[in-house]
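# A structural walkthrough
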Amino acid sequence: MAKLAASSMKLEVFDSSEAVAERAAGILAEVLLDPKRAPMGLATGRTMVAVYQWLVPLLQQAGANALGHWRSFNLDEYVGLGPDDPRSFAAYMARYLGEPLAIPAARMQLPNGLAPNPHLEALRYRQQVQTHGLGLQLLGLGENGHVGFNEPPCEAFAPCRCVELSDATRQQNAAAFGGEAKAVPERAITLGLADILAAEEVLLVVTGANKSSVLRRVLQEPPQQLVPASWLQGHPNCLVLADRPAVCV
Ligand code: GLP
């Protein structure tokens, strides 16, 4: 395990994205099976599909009773999409974790993308997260350096809020919307960097050569607004799991 000179972040590098996913799932399973741990912060995206595919059998082996204490909070949700829309993050969570593990939707919280006022919904969601506190926060990395939907430029003190998605992010996420960037919602509700940095632990999972240039900036450049994930350098307990393509620029 490498300790990076510029910060307290730790980096583990694996030969394949599958090995990254297996390692991430092992860490998550240990935390999720511990009833003493604070709720987990969960993430969506393509990177997490493999992580959750490794995680589900690990948790199933432990038996249904072992998950009775489950409570998790997701990072973000598109404004205008609800759980019945297969493109929503709520539907993603039900598909990959909720249904295979029989976790009631009420124990797997996300911002409500259908709330009439998304700004008020962001305030409500932040309050709910703060009431429980986050134990381990799982994160993927956007190609533009975003975590959650904290688009650049973004300050470390940004709270949970309703944001406009950048063209780059709508392009990056178009696959789930029939390949049409214009079909991707223009806004989302996301936990802010402040909420993420308040978690006890952070696990950042990064795979693929398309993330290598931004990951280098996250790990090696001074923390800055233009690379929102670089603020994680200020977290006292942040582990980065990456495959070789993601660390070779
Ligand atoms: C998305 C999500 C993030 C996710 C990131 C990376 O837009 N809001 O939470 O981690 O972008 O996604 P992917 O894993 O598909 O590259």
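Everything that follows concerns the structure shown earlier in this document.
Now for a look at the structure at hand. Bear in mind the structure is a predicted one, so any value in this text is a computation, not a measurement. (Residues numbered from 1 in each chain as written. Predicted model: local features only at pLDDT ≥ 70, side-chain atom pairs only at ≥ 80, totals over all residues. Heavy atoms only, no water.)

## Focus: helix 4 (residues 118–132)
Helix length check: helix 4, at 15 residues, gives a terminal C-alpha distance of 21 Å against a target of 21 Å (1.5 Å per residue), a fit within 8%. Those residues of helix 4 lying buried are Pro118, Glu121, Ala122, Tyr125, Gln128 and Val129. Projected down its long axis, helix 4 shows its buried positions confined to an angular sector of 130 degrees, all on one face. Along helix 4, exposed side chains directed more than 90 degrees from the buried face belong to Leu120, Leu123, Gln127 and Thr131. Check the buried side of helix 4 and you find it contacts strand 4 (72–74), strand 6 (108–109), strand 8 (161–164) and strand 9 (187–190). (Helix = DSSP H or I, 4+ residues; strand = E, 2+ residues; numbered from the N terminus. Expected span 1.5 Å × (residues − 1). Buried < 20%, exposed > 50% of the residue type's maximum accessible area, 1.4 Å probe, protein only. Arc of directions from axis to C-beta. Contact = heavy atoms within 4.5 Å.)

## Notes on the sheet that holds strand 8
Ordered by their spatial adjacency, 3 strands build an open sheet running 5-9-8, and the pairing between neighbours is antiparallel. Edge positions in the open sheet fall to strand 5 (76–78) and strand 8, since each of these has one partner strand only. Strand-to-strand twist of the sheet, defined as the mean angle between neighbouring strand axes without regard to direction, takes the value 25 degrees. Relative to strand 9, strand 5 runs antiparallel, the two sharing 3 bridges. What sits directly across from Tyr78, in strand 9, is Ala188. Helix-sheet contacts for helix 4 involve strand 8 and strand 9, and the interaxial angle to strand 9 is about 15 degrees. (Pairing = 2+ DSSP bridges. Axes fitted to C-alpha atoms, helices over the stretch in contact; angles between N-to-C directions.)

## Quick word on the packing of helix 2 (residues 46–62) against helix 3 (residues 89–101)
Interhelical geometry of helix 2 versus helix 3 gives an angle of 10 degrees and a closest axis separation of 9 Å. The angle between helix 2 and helix 3 places the two elements in the roughly parallel class. Only Tyr92, Met93, Tyr96, Leu97, Pro100 and Leu101 of helix 3 make contact with helix 2, whose side of the interface consists of Met48, Val49, Tyr52, Gln53, Leu55, Val56, Leu59 and Gln60. (Parallel < 35°, antiparallel > 145°, perpendicular 65-115°, else oblique.)

## Notes on the pattern of salt bridges
In the structure shown here, the tally under the stated rule is 10 salt bridges. Asp34 serves as the salt-bridge partner of Lys36, at 3.7 Å between the closest nitrogen and oxygen. Residues Glu201 and Arg37 are paired through a salt bridge, measuring 3.0 Å at the closest nitrogen-oxygen approach. You can see Glu201 sitting in strand 10 (residues 201–206) and its partner Arg37 sitting in the loop between helix 1 (17–32) and strand 3 (40–42), a full 164 residues away along the chain. (Salt bridge = Lys/Arg side-chain N within 4 Å of Asp/Glu carboxyl O.)

## Focus: the site of the ligand
Around the ligand, 14 residues are found, and the nearest of them are Arg46, Thr47, Asp76, Asn173 and Lys211. Contact distances for the ligand include 2.8 Å between an oxygen atom and a backbone N or O atom of Arg46. The contact in question runs from an oxygen atom of the ligand to an N or O atom on the side chain of Thr47, over 2.5 Å. For the ligand, whose accessible area on its own is 390 Å², the fraction buried by protein is 97%. In the shell around the ligand, the residues fall into 3 nonpolar, 8 polar and 3 charged. (Near = heavy atom within 4 Å. Polar contact = N/O pair within 3.5 Å; in protein donor to acceptor, adjacent residues only side chain to side chain. Areas by Shrake-Rupley, 256 points an atom, 1.4 Å probe, with all protein chains shown as cover. Nonpolar A, V, L, I, M, F, W, Y, C, P; charged D, E, K, R; others polar.)

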